[in-house]
Amino acid sequence: MADAGDTIQMTIVLNNGYGSPVASLGSIVPTGTANTYTFTYTIPENASTAVKVPLSVEAGTVNYTVHYRTEKVDGSGYDTVETKTLTARVNSKIQQSDYSGAYTTPSGFTMVTDDTQYEAGNGGTEINCDYERNYYAVSISDSVGTENAALIGAYNDGSGNYKFGSTVTVSADLKPGYKNLKFYNASELLASTSFTVPAGTVAITANSTPIQFTVSYNMNGATSGTAPSGQNFTYDAAQAVASGTTMTKDNFEFSHWNTASDNSGTSINAGDDGSNLSTTDGESVILYAIWERQKVNYTANYYYQNVADDDYTLHETKTLKAKPDSTISLSTETDGNAAYKYASDP
């Protein structure tokens, strides 16, 4: 039995896996092996007959392995992208917060929540830490000269969101008069009609270029003057075709232009917009002057029926115009007097 002031020596054998670190007993630091510590302790002068020696021991550490895995694009499983060896206390519980910080979540992925409490035991525990792919909004819209823009991608949620890393194909139709179908993500031109979904929103725009063509003018039998100068047109960019005032034809009047000399093609009036005369890039369109016979004068005598008899009295004479060899059909209109009607200029 020790008395106050005596120094005693004690040896403590610790269970396997314990012993580092060991709490200091005042100014005395235990020494020994990982499992066995021998240290001395001086009994205080004022100690009672029962002395409790303060001693605390923490568990040792063991290794465990974590496999960090990312979801396959097709959702069929996970690929291991990195494996780490970490440490835990012997026989402790390992939870996701213990190992998630050892690896940086890759862009485009979200860590799958795992509430499992893994046993550290005496080491050798293996854990899978999985990351699933995110979905991002992908849209497409028509722009200049395009229609029916669409997206094709197998891995989507049905609401316009596509899986990160999956392939999406874009398509659109060209409207007549346009060429060079292209697709842009914001201002960046897509290298092809397929792209890999990045970690972020994608807004695709279909675009194209209007075709260009030339127009020349043919006098088509004019007897004097010159044909208007040729013009360059861009599809849908409003531009007037030339007038017919630079040429004349004896006994005829200029009527309009036509893409056929016999007036069997497409007609267009002088000064009208000719930007849609062609839908073929680089085409040379010829517009032919179409002439109409000049109108000739004729006289129309308007008679009122007499009240007293069946005869008629000349009421008015008018000089009117009509095309040569044309048929004149006179329609009846009142002259302000409901009792009388006369024919108008056809």
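As a reminder, the structure under discussion sits directly above these lines.
Residues numbered from 1 in each chain as written. Predicted model: local features only at pLDDT ≥ 70, side-chain atom pairs only at ≥ 80, totals over all residues. Heavy atoms only, no water.

**Re the sheet that holds strand 17 (residues 188-189)**
Okay, so step 1: The five strands lie next to each other as 14-12-19-16-17, forming an open sheet whose pairing is mixed. Of all strands in the sheet, those with a lone pairing partner are strand 14 (161-163) and strand 17, marking the two edges. (Pairing = 2+ DSSP bridges. Helix = DSSP H or I, 4+ residues; strand = E, 2+ residues; numbered from the N terminus.)

**Considering the pattern of salt bridges**
Okay, so step 1: Counted by the stated rule, this structure contains six salt bridges.
Okay, so step 2: With a shortest N-O distance of 1.9 Å, Lys-93 and Glu-119 are connected by a salt bridge. One end of the pair, Lys-93, is in strand 8 (residues 93-94); the other, Glu-119, is in strand 10 (residues 118-119), and 26 residues separate them in sequence.
Okay, so step 3: Overall, Glu-119 belongs to the partly exposed group, its relative accessible area being 42%.
Okay, so step 4: The salt bridge involving Asp-281 is made with Lys-179; its shortest N-O contact spans 2.8 Å. A residue pair is termed long-range when its members are at least 10 positions apart, and Asp-281 in the loop between strand 25 (267-268) and strand 26 (284-293) and Lys-179 in strand 16 (residues 178-185) qualify at 102 residues. (Salt bridge = Lys/Arg side-chain N within 4 Å of Asp/Glu carboxyl O. Buried < 20%, exposed > 50% of the residue type's maximum accessible area, 1.4 Å probe, protein only.)

**A look at the nonpolar core**
Grouped burial of nonpolar side chains is what soluble globular proteins tend to show.
Okay, so step 1: If you look at the biggest cluster of nonpolar residues, it comprises 30 residues, and the most contacted ones within it are Tyr-64, Val-66, Tyr-68, Ile-94, Tyr-99 and Phe-195.
Okay, so step 2: Only strand 6 (61-71), strand 7 (78-89), strand 11 (125-133), strand 12 (135-141), strand 15 (167-174) and strand 19 (202-210) provide two or more residues apiece to this core.
Okay, so step 3: Ranked by residues supplied to this core, first place goes to strand 6 with four residues.
Okay, so step 4: For Val-66, the contacting residues outside a window of four places in its chain are Glu-82, Thr-83, Lys-84, Leu-86, Tyr-99, Ile-127 and Cys-129.
Okay, so step 5: Counting residues in hydrophobic clusters, the runner-up holds 17 residues, among them Ala-222, Phe-233, Val-241 and Trp-257. (Core = buried A, V, L, I, M, F, W, Y, C linked by side-chain atoms within 4.5 Å. Contact = heavy atoms within 4.5 Å.)

**Side note on a nonpolar patch on the surface**
Okay, so step 1: On the surface, a cluster of nonpolar side chains totalling about 320 Å² of accessible area is made up of Tyr-303, Tyr-312 and Leu-314.
Okay, so step 2: Position of Tyr-303 among the secondary structure elements: in strand 27 (residues 296-305).
Okay, so step 3: For Tyr-303, a relative accessible area of 44% translates into the label partly exposed. (Patch = residues over 30% accessible without salt bridge, like charges linked within 9 Å, V, L, I, M, F, W, Y side chains within 5 Å. Areas by Shrake-Rupley, 256 points an atom, 1.4 Å probe, with all protein chains shown as cover.)

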